[in-house]
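Here's the letter readout for the chains.
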Amino acid sequence: MGLVELFVAVLLVGISCVNAAPPAVAWSRARDGRFLFLVAANLAWAALGSVWVWGELPWNPPSWSHAQLPVLLIALIAAGLFLVTTLWPRRS
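The structure presented is a predicted model; accordingly, all values stated were derived computationally and were not measured.

Undergrad: Any details on the packing of aromatic side chains? Residues and values, ideally.
TA: Counted by the stated rule, this structure contains 1 aromatic pair. Ring centres of Trp54 and Trp64 lie 5.8 Å apart, and the angle between their planes is 80 degrees; on these two criteria the pair is classed as edge-to-face. Placement of Trp54 in helix H2 (residues 33–56) and of Trp64 in the loop between H2 and helix H3 (69–87) is noted, with a sequence separation of 10 residues between them. Overall, the relative accessible area of 58% leaves Trp64 in the exposed class. For Arg31, the ring lying beneath its charged end belongs to Trp27, and the centroid distance is 4.4 Å.

Undergrad: Describe unusual backbone geometry, naming the residues involved and giving the relevant values.
TA: The phi dihedral of Arg31 is positive, around 55 degrees, even though this residue is not glycine. The exposure class of Arg31 is exposed, given its relative accessible area of 54%. With a phi angle near 55 degrees, Asn60 is a residue other than glycine that sits in the positive phi range. Positionally, Asn60 belongs in the loop between H2 and H3. The exposure class of Asn60 is exposed, given its relative accessible area of 76%.

Undergrad: Requested: an account of the packing of helix H1 (residues 3–30) against H2, with residues and values cited.
TA: Where H1 meets H2, the closest approach of the two axes is 8 Å, and the angle between their N-to-C directions is 160 degrees. Our classification of the angle between H1 and H2 gives roughly antiparallel. The two elements H1 and H2 cross, and the hand of that crossing is left-handed. Residues belonging to the contact of H1 with H2 are distributed by class as follows: 21 nonpolar, 5 polar and 2 charged.

Undergrad: Tell me about the layout of surface pockets, and please be specific about residues and values.
TA: In this model, the largest pocket occupies a volume close to 350 Å³. Lining the largest pocket are Pro22, Pro23, Ala26, Arg34, Phe35, Leu38, Thr85, Thr86, Trp88, Pro89 and Arg90. When residues of the lining of the largest pocket are traced back to their parent elements, those giving at least two are H1, H2 and H3. Its residues assigned to classes, the lining of the largest pocket shows 7 nonpolar, 2 polar and 2 charged.

Undergrad: Quick one: what's the story with the side chain of Asn19, residue by residue and with numbers?
TA: Of note, Asn19 is situated in helix H1. A relative accessible area of 1% places Asn19 in the buried class. A polar side-chain atom of Asn19 sits 3.2 Å from the main-chain carbonyl oxygen of Phe82.

Undergrad: Can you tell me about the packing of H1 against H3, naming the residues and giving the values?
TA: A pair of packed helices is characterised by two quantities: the angle between their axes and the separation of those axes. With their axes 9 Å apart at the nearest point, H1 and H3 run at an angle of 20 degrees to one another. Viewed along their axes, H1 and H3 adopt a mutual orientation that is roughly parallel. H3 is crossed by H1, and the crossing has left-handed handedness. Residues Val4, Glu5, Val8, Ala9, Leu11, Leu12, Ile15, Ser16, Asn19, Pro22 and Pro23 of H1 lie in contact with H3, whose contacting residues are Leu69, Leu72, Leu73, Ala75, Leu76, Ala79, Phe82, Leu83 and Thr86.

Parameters at a glance
- Residues numbered from 1 in each chain as written.
- Predicted model: local features only at pLDDT ≥ 70, side-chain atom pairs only at ≥ 80, totals over all residues.
- Heavy atoms only, no water.
- Phe/Tyr/Trp six-rings, centres within 6.5 Å; stacked < 30°, edge-to-face > 60°.
- Helix = DSSP H or I, 4+ residues; strand = E, 2+ residues; numbered from the N terminus.
- Buried < 20%, exposed > 50% of the residue type's maximum accessible area, 1.4 Å probe, protein only.
- Lys NZ or Arg CZ within 6 Å of the ring centre and 35° of its normal.
- Axes fitted to C-alpha atoms, helices over the stretch in contact; angles between N-to-C directions.
- Parallel < 35°, antiparallel > 145°, perpendicular 65-115°, else oblique.
- Left-handed = near helix turned anticlockwise from the far one by under 90°.
- Nonpolar A, V, L, I, M, F, W, Y, C, P; charged D, E, K, R; others polar.
- 1 Å grid on protein atoms, 1.4 Å probe; cavity = no way out; pocket = protein on both sides within 12 Å on 5 of 7 lines; lining within 4 Å.
- Points joined across faces, edges and corners; volume = space filled by probe spheres on them.
- Polar contact = N/O pair within 3.5 Å; in protein donor to acceptor, adjacent residues only side chain to side chain.
- Contact = heavy atoms within 4.5 Å.

Here it is as structure tokens:
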């Protein structure tokens, strides 16, 4: 169990959950399917991060739930890019 891997996995879950909120609000106003796909993509990242958090906890997780730091960092970069696309201001 590595604390760095656990921290990065928890960070991935947090960023993905926070990043799912703005597209959900936009979907509730506009009913545009693209926003629903963004919500689903962010929740999928959150679910993947949750599996990795489970793999780092000492509760006898299955072997397939363990993640290594390079894989976690790549997933965190992807979640960060999702966050940037959500926060980037629209052109008028």
